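Examination of the molecular architecture
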Amino acid sequence: MLKHLAALAAAASLSALASLPALAWPDRQITITVVTGAGGSPDTVGRLLAAKLSERLGKPVVVENNTAGAGIAGTLAVARSQPDGHNIVILTGGTPSQQAMRPKQPYDLTKDFALVTTLCAYPMVVAVPPNSPIKDFKDLLAKAKANPGKLSYSMNAIGSLHHLLGEWINIEAGVDMQGIPYRGSSQAFLDVTSGRVDLMVDTGTFAFGQVKQGQLRALAQSAPGRYDLAPDVPAVAETLPGINMMSWLGFAMAKDTPRPVVDRLNKEIREILAMEDVKAKLAEMGNIPMPSTPEEMHQRISSELAQWKKIIAAKGIKAE
Amino acid sequence: MDVFTQLALGFSVALTPQNLLYCLIGSLLGTLIGVLPGVGPVATIAMLLPITYNLSPAGALIMLSGIYYGAQYGGSTTAILVNLPGETSSVVTCLDGHPMAKDGRAGPALAIAAMGSFFAGCVATIVIAIVSTPLVSVAMAFGPAEYFSLMALGLILTVVLARGSPLKAVGMILAGLLLSLVGTDIHSGAERLTFGLPVLTGGVDFVPLAMGLFGLSEVVSNLEKGTAAGGEPLTKNIRGLFPSAHDLRQSAPAILRGTGIGTVLGVLPGASSMVASFASYALEKKLAKDPSRFGKGAIEGVAGPESANNAGAQTSFIPLLALGIPSNSVMALMIGAMMIQGLQPGPMLMSKQPDLFWGVIASMWIGNAMLLVINLPLIGIWVRLLNIPYWLLFPGILLLCSIGVYSMNNEASEVLLAAVAGVLGYLFIKLKCEPAPLLLGFVLGGMMEENLRRAMLISRGDPRIFVTSPLSAALLAVAAILLVATILPAIRQKREKLVED
């Protein structure tokens, strides 16, 4: 009889545990999928957070790079994974623009994911070589107006944030600068510094480093106001109100991941992002921490999607 | 401060017991992952990055660069032994390295690859130390128009490089160009030839393609020849582990020329070490008294390209150290490592932290010497692999290939892609078509198209940009001359044949 009771009690306590998924998670290794190459900022930040997370969660957290299919394959795999909180994908500011460019892609960021939190952010930068005749951002717009179609800016592929910022400036300022697509910043930088291309639109991660070295001069950055890590660089919005764009990183999991798991991960990330050493490492890469609630992240993605679609439609940018 | 005091400072940093250890670990790890097909330095360095947070900045960079040039050493091993190019640059090593192995001369092939790499590594280290700043201007001089012309020259060289019918070579190049079109076009955002498959959105990856075309098709064709059924090894008569005096005499000039080509081309961002290695191959074939030996186990065909790709790997540090821009994805990782350490890569690094800058450079020389010492005794062990009965060896090759391709992206569909490429490669063997021109067309084609369109955008649609730049015009002129020189003998031969008939 006593034995029976003990067994019952054990069973009862087990079922009590099972009804608290936040305690049962994580029960095995967590995989963070990074859909860009090793060495890029999503990868570096991902690995930094993975190390901190595995210390705190007591389970291994590993980063896997999957660049297949321009990142669509890896993102899709996480969207379709078991919704148990063991598969995370790092979304970036480029993910909504990718969706805006490809209405037919196999997932919808606003519907097919359990968004967790944004992680960190940096603005895009408009920069010229130190010896450029262009004095500042206003001067750039004046010169672009005086020479329609003559100035060129380096950017990433069509539909990238680089491109969208360039075209947004074109729209708001009523100018016509020609975007030249590059794969990555290296060749773009060489062409800009040797004068073949007039200016560079690039990520804060890349540009602020080169500005510090005296190899580029920043004309403007795309944060809503002055940017903490480069307070002397004016915001684009100071000249062209309304333009603001931050590139960010964020965690997402499969759609039906239980809310307690999402909340627990959100809390851990919030605490990790507040650590001084993490802040310092992010700052080295031109990033500031930007934790959010899942709802705020959803809101950000929706409004960006709408904004990018507007620019794409206005400039007739089409993937055809 | 002159170069010697600077180098002395560098050696004082690199020769501390701790940094020597990091250098050894890096070179050893690099050799290991170089030998494993598919597992490249990019993945390895990415995995090790978090560990380097706790090392000294110099120690971290010394270890990571050791992995990079160590992998260049190791990559040639599988190319020579089992015809598996693990990396872009070792495709060219397959061409003559594997025939040498089949002929029982794997030992000399591996040894000359190691020696050539060592020599090239030493020269390139000195070049980085002395002329990295002037060499940066080479990189600056290359804009889209110049890149396009360089790629055009490269494609012409590819025809020269092929053995057998130039017509087939041209066909294979065109097939490679077509394959390079697959994926999202960065100039229009359009998806081309992806057939709605998400995995093709980013294009066909080089590694599964190269592994299928070279490694897998080789396995199929070996099995067909019945070597497996009889339990025979790949080769029975292994002749000598080290190159003879004759081999050395033949290789020495090739190593010198390969080092020169690699040193210059390595500075250019892009697929530079591959372009360097096959430019060196084409040059050796053109200069050879008897070009027909190439493709059948000519030792210069191993010595030149191996030196070129190692020199190129080393000088690809120049844009990183001098400008703070990466010339390939490994260099992008190094920038990540430096930023984590609170270092800003770029021109100020040399003046602000000379001990770190020169320490890393000195460690490259030490690392190259270590690699030679590690690799020469290993040759005996590698060559023994060829004694294994093929029915035991080939499942291992297939397994390594599959793991390698899968682990790149954790994507099963890429293993399938390698299998498809393997079938294609077998078909090419049957049709007597060379896969090398296809791969080169594949690599060069994408860059050529992008740079062509970029150049035309910059010139606002004026094609004269390709001839008004002296560098571009010169490259195009060389390409034209080579093309004529290749076509003329073929036409003459045909005419003679007609007359004889």
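Residues numbered from 1 in each chain as written. Chains lettered and ligands numbered in written order. Predicted model: local features only at pLDDT ≥ 70, side-chain atom pairs only at ≥ 80, totals over all residues. Heavy atoms only, no water.

Secondary structure assignment for chain A yields 13 helices and ten strands. Counting only C-alpha atoms, chain A reaches 95 × 40 × 30 Å along its principal axes. The buried share among the 320 residues of chain A stands at 57%. Surface exposure of chain A reaches about 12700 Å², of which carbon and sulfur atoms provide 57%. Averaging the locations of the 32 positively and 29 negatively charged side chains of chain A gives two centres separated by 2 Å. (Helix = DSSP H or I, 4+ residues; strand = E, 2+ residues; numbered from the N terminus. Buried < 20%, exposed > 50% of the residue type's maximum accessible area, 1.4 Å probe, protein only. Areas by Shrake-Rupley, 256 points an atom, 1.4 Å probe, with all protein chains shown as cover. Lys, Arg positive; Asp, Glu negative; His and termini not counted. Charge placed at Lys NZ, Arg CZ, Asp CG, Glu CD.)

Right, let's get into the overall build of chain B. In terms of regular secondary structure, chain B is built from 21 helices and two strands. Its C-alpha atoms give chain B a radius of gyration of 22 Å, near enough to 23 Å, the size a compact globule of 501 residues would have. Along the first, second and third principal axes, the C-alpha set of chain B runs to 75 × 60 × 50 Å. Residues counted as buried form 60% of the 501 residues belonging to chain B. A separation of at least 24 residues holds for 80% of the contacts in chain B among residues at least 6 apart in sequence. Summing over all exposed atoms, chain B offers an accessible surface of approximately 18700 Å²; the carbon and sulfur share of this is 72%. If you average the places of the 27 positive and of the 26 negative side-chain charges in chain B, the two averages end up 7 Å apart. (Rg over C-alpha atoms; globule rule 2.2 N^0.38 Å. Contact = heavy atoms within 4.5 Å.)

All names here are of chain A. Here chain A is partitioned into domain 1 (28-121 + 246-314) and domain 2 (123-239). With centres defined by C-alpha atoms, the gap from domain 1 to domain 2 works out at 27 Å. The interface of domain 1 with domain 2 comprises 18 residues on the first partner and 14 residues on the second. Roughly 1400 Å² is buried in total at the junction of domain 1 and domain 2, and carbon and sulfur atoms are behind 76% of that figure. Summed over the shared surface of domain 1 and domain 2, the result is zero salt bridges. Between the two partners, domain 1 and domain 2, sit four residue pairs in polar contact (both at pLDDT 80 or more). (Domains from an automatic or database assignment. Buried area = accessible area lost by both parts, 1.4 Å probe. Salt bridge = Lys/Arg side-chain N within 4 Å of Asp/Glu carboxyl O. Polar contact = N/O pair within 3.5 Å; in protein donor to acceptor, adjacent residues only side chain to side chain.)

Residue position: A:Gln210 is located in helix 9 (residues 204-212). Residues in contact with A:Gln210, not counting those within four places in the same chain, are A:Phe189, A:Gln215, A:Leu216, B:Leu323, B:Gly324, B:Ile325 and B:Gln344.

We now examine empty space enclosed by the protein. All names here are of chain B. All told, the structure shown has five cavities of 30 Å³ or more when counted by the stated rule. Counted as a void, the largest cavity has a volume near 80 Å³. Residue lining of the largest cavity: Tyr73, Ser76, Thr77, Leu110, Ala113, Ala114, Ser117, Asn375, Ile379 and Trp382, and that is the complete set. Every element with two or more residues in the lining of the largest cavity is listed here: helix 4 (57-82), helix 6 (106-141) and helix 16 (354-385). By residue number, the principal contributor to the lining of the largest cavity is helix 6, which donates four residues. (1 Å grid on protein atoms, 1.4 Å probe; cavity = no way out; pocket = protein on both sides within 12 Å on 5 of 7 lines; lining within 4 Å. Points joined across faces, edges and corners; volume = space filled by probe spheres on them.)

This next bit is on the packing of helix 6 of chain B against helix 12 (residues 300-315) of chain B. Residue and element names in this part refer to chain B. Viewed as axis vectors pointing N to C, helix 6 and helix 12 meet at an angle of 35°, and their least axial separation amounts to 7 Å. Pair helix 6 / helix 12 crosses with right-handed handedness. Where helix 6 approaches helix 12, its residues Ala109, Ile112, Ala113, Gly116, Ser117, Ala120, Gly121, Ala124, Thr125 and Ile128 are matched on the opposing element by Val302, Ala303, Glu306, Ser307, Asn310, Ala311, Gln314 and Thr315. Grouping the constituent residues of the contact of helix 6 with helix 12 by class yields nine nonpolar, eight polar and one charged. (Axes fitted to C-alpha atoms, helices over the stretch in contact; angles between N-to-C directions. Left-handed = near helix turned anticlockwise from the far one by under 90°. Nonpolar A, V, L, I, M, F, W, Y, C, P; charged D, E, K, R; others polar.)

Turning our attention to the nonpolar core. The biggest cluster of nonpolar side chains holds 134 residues, and the ones touching the most others in it are A:Leu91, A:Phe137, A:Leu140, A:Ile169, A:Met177 and B:Phe317. Each of domain 1 (28-121 + 246-314) and domain 2 (123-239) of chain A contributes no fewer than three residues to this core. Counting residues in hydrophobic clusters, the runner-up holds 97 residues, among them A:Ala73, B:Ala113, B:Val160 and B:Tyr390. (Core = buried A, V, L, I, M, F, W, Y, C linked by side-chain atoms within 4.5 Å.)

On to the confidence of the model for chain A. Residue and element names in this part refer to chain A. In the predicted model, chain A carries a mean pLDDT of 91, and 92% of its residues have values of at least 70. Mean pLDDT across the secondary structure elements of chain A bottoms out at helix 1 (residues 2-18), with 50, and peaks at strand 8 (residues 217-221), with 98. Low pLDDT, under 50, characterises residues 12-22; the predicted model gives this stretch four contacts beyond four residues in sequence or across chains. (pLDDT = per-residue confidence, 0-100.)

Further remarks concern the interface of chain B and chain A. Where interface size is given, it is often the accessible area lost as the parts come together that is meant. With 52 residues of chain B at the contact, the number on the chain A side is 50 residues. Buried surface at the junction of chain B and chain A, summed over both partners, amounts to about 4200 Å²; 57% is from carbon and sulfur atoms. Where chain B touches chain A, the interface holds two salt bridges. The residue B:Glu191 makes a salt bridge to A:Arg102 at a minimum N-O spacing of 2.3 Å. Remark: the boundary between chain B and chain A carries 17 residue pairs in polar contact (both at pLDDT 80 or more). Here the element with the most residues in the side of chain B that touches chain A is helix 19 (residues 435-458) of chain B; it accounts for five residues. Taken together, the residues that form the side of chain B that touches chain A break down as 31 nonpolar, 14 polar and seven charged.

Moving on: the state of the cysteines. Residues and elements named next belong to chain B. Inspection of every chain in the model, using the stated rule, returns zero disulfides over all chains. With no disulfide of its own, Cys122 lies closest to Cys23 among cysteine sulfurs, the gap being 12 Å. Sulfur of Cys401: no disulfide; nearest cysteine sulfur belongs to Cys94 and is 11 Å away. (Disulfide = S-S within 2.5 Å.)

Moving on to the environment of B:Leu55. Residues and elements named next belong to chain B. With respect to the helices, strands and loops of the structure, Leu55 is situated in the loop between helix 3 (41-52) and helix 4. The spatial distance from the C-alpha of Leu55 to the C-alpha of Ser351 is 22 Å, given a sequence separation of 296 residues. If sequence neighbours within four positions are ignored, Leu55 has contacts with Tyr22, Ala60, Met63 and Gln341.

Now for unusual backbone geometry. With omega at -5°, the peptide bond leading from A:Trp25 into A:Pro26 counts as cis. In this fold, A:Pro26 is placed in the loop between helix 2 (21-24) and strand 1 (30-34). Phi is positive for B:Lys432, which is not a glycine, with a value near 60°. Within the secondary structure, B:Lys432 sits in the loop between helix 18 (412-430) and helix 19. Owing to a relative accessible area of 67%, B:Lys432 belongs among the exposed residues under this scheme.

Further remarks concern the pattern of salt bridges. Here the structure, examined in full by the defined rule, presents 29 salt bridges over all chains. Within this structure, A:Arg56, A:Arg264, A:Lys267, A:Glu268 and A:Glu271 form a network of salt bridges that share partners.

Turning our attention to helix 10 (residues 245-265) of chain B. Residues and elements named next belong to chain B. Counted at 1.5 Å a residue, the expected span for helix 10 with its 21 residues is 30 Å, and the 30 Å between its end C-alpha atoms agrees. Of all the bends found along helix 10, the most pronounced is centred on Ser251 and spans about 30°, while Pro253, a proline, follows it within four residues. Listing the buried residues of helix 10 in full gives Asp247, Ser251, Ala254, Ile255, Gly258, Thr259, Ile261, Gly262, Thr263 and Leu265. (Expected span 1.5 Å × (residues − 1). Bend = angle between axes of the 7 residues up to and from the residue.)

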